[in-house]
Amino acid sequence: MDAASLRILLVEDQAELAASIIDFLEGQGHRLDYAADGQAGLDLALSQDFDVVLLDLQLPRLDGLAVCRQLRESADRHLPVLMLTARGTLDNKVEGFEAGADDYLTKPFALEELLLRCNALGRRHQLHARNELLLGDLLIDRRRRVATRQGRVLDLHHTPFDILVALAEAYPAVMTRSELADRIWGDEPPASDALATHIYSLRQALDRPFEQAMLKTLHGVGLRLEVPE
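Residues numbered from 1 in each chain as written. Predicted model: local features only at pLDDT ≥ 70, side-chain atom pairs only at ≥ 80, totals over all residues. Heavy atoms only, no water.

For the chain, the name recorded in an unreviewed UniProt entry is XRE family transcriptional regulator, with Wenzhouxiangella marina as its organism.

Now the structure itself:
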């Protein structure tokens, strides 16, 4: 199997759309499994090894938000979820991200865009498999605890570096501030809002010297890294 090939689970109750997605993605070398309702999709996602889940929001038996929440609660690893929905308002997107979705695509969409997003999400496994994380012009060496951007070493102290690693490992997903705090301090967070200070320090080192910012804030949701085009 080609290294770029992904095993993708599609959970979609519209048979015609599902057939189009399957035909297109399989034509690009990916392998597709299919479920027509939320409960069947959840059972498949928890019992088999997928690289990406394409999850419709409005599903019979169990809706997409419930599937995503239960997947996050029960899965033994982080499985990238791309939510597909006809609801495209900001509130809908916030709801999807809060349920644990990594990305969001509003119907109708171009199959070529779906492919690009699947490929981006599928790189998550490659990122986790190496000591080095490469996102655009950002290179993070977790073993040496050194990060560079455009070849320039970033001046990062311990906690801002840990925040950067957490966001890079989650890429392209959003991490809430509470998730970041849990990752950095576990059950013993500092009394003050130290996280905001460390995020500011990270932003100063990661973005201020460069033309394009990578650290993005989604108000009411959390933070994520974005790779400049």
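Next, the rest of the story.
Trainee: Go over the nonpolar core, please, and point to the residues and values.
Mentor: Judged by nonpolar contacts, the single largest core of 30 residues is most densely connected at Ile 140, Leu 164, Leu 167, Leu 206 and Leu 225. Going through the elements one at a time, strand E6 (132-135), strand E7 (138-141), helix H6 (158-170), helix H7 (177-185), helix H8 (194-206) and strand E11 (222-225) are the ones with two or more residues in this core. In terms of residues, this core owes the most to one element, H6, which gives 8 residues. In contact with Leu 225, other than residues within four places in its own chain, are Leu 135, Leu 138, Leu 164, Leu 167, Ala 168, Tyr 171, Leu 206, Met 214 and Leu 215. Within the second largest apolar cluster, 27 residues are counted, among which are Ala 45, Leu 57, Val 94 and Val 174. (Core = buried A, V, L, I, M, F, W, Y, C linked by side-chain atoms within 4.5 Å. Buried < 20%, exposed > 50% of the residue type's maximum accessible area, 1.4 Å probe, protein only. Helix = DSSP H or I, 4+ residues; strand = E, 2+ residues; numbered from the N terminus. Contact = heavy atoms within 4.5 Å.)

Trainee: Residues and numbers for the packing of aromatic side chains, please.
Mentor: Under the criterion given, the structure shown has 1 aromatic pair. Their ring planes at 50° and their centres at 6.3 Å tell us that Phe 97 and Tyr 104 sit as a pair that is tilted. A relative accessible area of 13% places Phe 97 in the buried class. Owing to a relative accessible area of 5%, Tyr 104 belongs among the buried residues under this scheme. Over the ring of Phe 50 we find Arg 7; its NZ or CZ atom is 4.5 Å from the centre of that ring. (Phe/Tyr/Trp six-rings, centres within 6.5 Å; stacked < 30°, edge-to-face > 60°. Lys NZ or Arg CZ within 6 Å of the ring centre and 35° of its normal.)

Trainee: Account for the side chain of Glu 12, naming residues and giving values.
Mentor: Residue placement: Glu 12 occurs in the loop between strand E1 (7-11) and helix H1 (15-27). Glu 12 has contacts with Leu 17, Ala 18, Tyr 34, Ala 35, Ala 36, Asp 56, Leu 59 and Lys 107, leaving out every residue within four places of it along the chain.

Trainee: So, the state of the cysteines: which residues are in play, and what are the values?
Mentor: Scanning the entire structure with this criterion turns up 0 disulfides. Not part of a disulfide, Cys 68 finds its nearest cysteine sulfur in Cys 118, a span of 15 Å. By relative accessible area, which is 0% here, Cys 68 ends up buried. (Disulfide = S-S within 2.5 Å.)

Trainee: Describe the pairing of E11, and please don't skip the residues or the numbers.
Mentor: The side chains of a regular strand alternate, residue by residue, between the two faces of the sheet. Of the two faces of E11, the one lined by Gly 222 and Arg 224 and the one lined by Leu 223 and Leu 225 are each fully buried. Note that strand E10 (residues 215-218) and E11 share 4 bridges and pair antiparallel. Across the sheet, residue Lys 216 finds its bridge partner in E11, namely Arg 224. Linking E10 to E11, which pair antiparallel, is a turn of 3 residues; within it Gly 220 sits at a positive phi near 85°. (Pairing = 2+ DSSP bridges.)

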